[in-house]
Amino acid sequence: MVHNRQLDKYDTQSAIALIRQHLDYASWHDPVKLTLKTVVDCQYITCMNPTAGSFLVNPRLQRHFSTFAVGLPSATSLLTIFQTFLDGHLKNEGFPAGVCNLGSNLIKGALALHKEVHENFRKTAANFHYEYFSCPRCLRVCVCI
């Protein structure tokens, strides 16, 4: 994540400053040995939670990244996506036709449950454990059946 929940005791975000330093200079200074540590062949992929944490990213860090904003697919799209995966799994594993026919209802139930949790539990950086009840995790339960 490129935004921390809160600043440290010095009102900074040290981890983000270290990433920026590496991207700018390809190295870090070792404060114990007083030497330069060069780090090569390293790539960063970052993300941000659009509903919690700090929404400001240091422009000196952000200039190193391409920024994409992706919204959640519609309920119909989610149903189609997850139903395709579950139907394929059930058929490939040789489940009886009666079980295969339950796939649509399982997905609809899981999506309805996810919607209720999403609407009734406030998701913040302080309550990050709500993220563990995400739609893919919820649907993993169905696949494990």
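Here's what I pulled together on the structure shown here. (Residues numbered from 1 in each chain as written. Predicted model: local features only at pLDDT ≥ 70, side-chain atom pairs only at ≥ 80, totals over all residues. Heavy atoms only, no water.)

**Thoughts on the pairing of strand 2 (residues 35–38)**
Quick note on the threshold: A pair of strands is considered paired only if DSSP assigns at least 2 bridges between the two. Numbered from the N terminus, helices here are DSSP runs of H or I no shorter than four residues, and strands are runs of E no shorter than two.
As paired elements, strand 1 (residues 27–30) and strand 2 share four bridges and run antiparallel to each other. Residue pairing in the sheet places Asp30 in a bridge with Thr35 of strand 2. Adjacent in sequence and paired antiparallel, strand 1 and strand 2 are bridged by four residues, among which Leu34 carries a positive phi angle near 55°.

**A closer look at the nonpolar core**
Note the threshold: Here, the term nonpolar core denotes a set of buried Ala, Val, Leu, Ile, Met, Phe, Trp, Tyr and Cys residues that are joined through side-chain atoms within 4.5 Å. The buried label goes to any residue with under 20% of its type's maximum accessible area, the exposed label to any with over 50%, and the partly exposed label to all in between, with areas taken from a 1.4 Å probe on protein chains only.
Among the nonpolar cores identified, the biggest contains seven residues, and these are Leu78, Phe82, Leu86, Leu90, Cys100, Ile107 and Leu111. For this core, the leading source of residues is helix 3 (residues 75–92), giving four residues.

**With respect to the pattern of salt bridges**
Using the following cut-off: A pairing counts as a salt bridge when a side-chain nitrogen of Lys or Arg comes within 4 Å of a carboxyl oxygen of Asp or Glu.
Counted according to the given criterion, the structure contains three salt bridges. As a salt-bridge pair, Asp24 and Arg20 come within 2.3 Å of each other at their nearest N and O atoms. Highlighted residues: Asp24 and Arg20, both in helix 1 (residues 14–25), separated by four residues, approximately one helical turn. With a shortest N-O distance of 2.8 Å, Arg63 and Asp24 are connected by a salt bridge.

**What to know about helix 5 (residues 103–120)**
To be explicit about the condition: How far a helix is expected to stretch is found by multiplying one less than its residue total by 1.5 Å. Working note: the arc is built from the helix axis to C-beta atom directions.
The end-to-end C-alpha distance of helix 5, which contains 18 residues, comes to 26 Å, matching closely the 26 Å that a straight helix rising 1.5 Å per residue would cover. Regarding helix 5, the residues found buried are Gly103, Ser104, Ile107, Ala110, Leu111, His114 and Val117. Along the axis of helix 5, the buried positions cluster into a sector of 160°, meaning they face one direction only. Set apart from the buried face of helix 5 by more than 90 degrees, the exposed residues are Asn105, Glu119 and Asn120.

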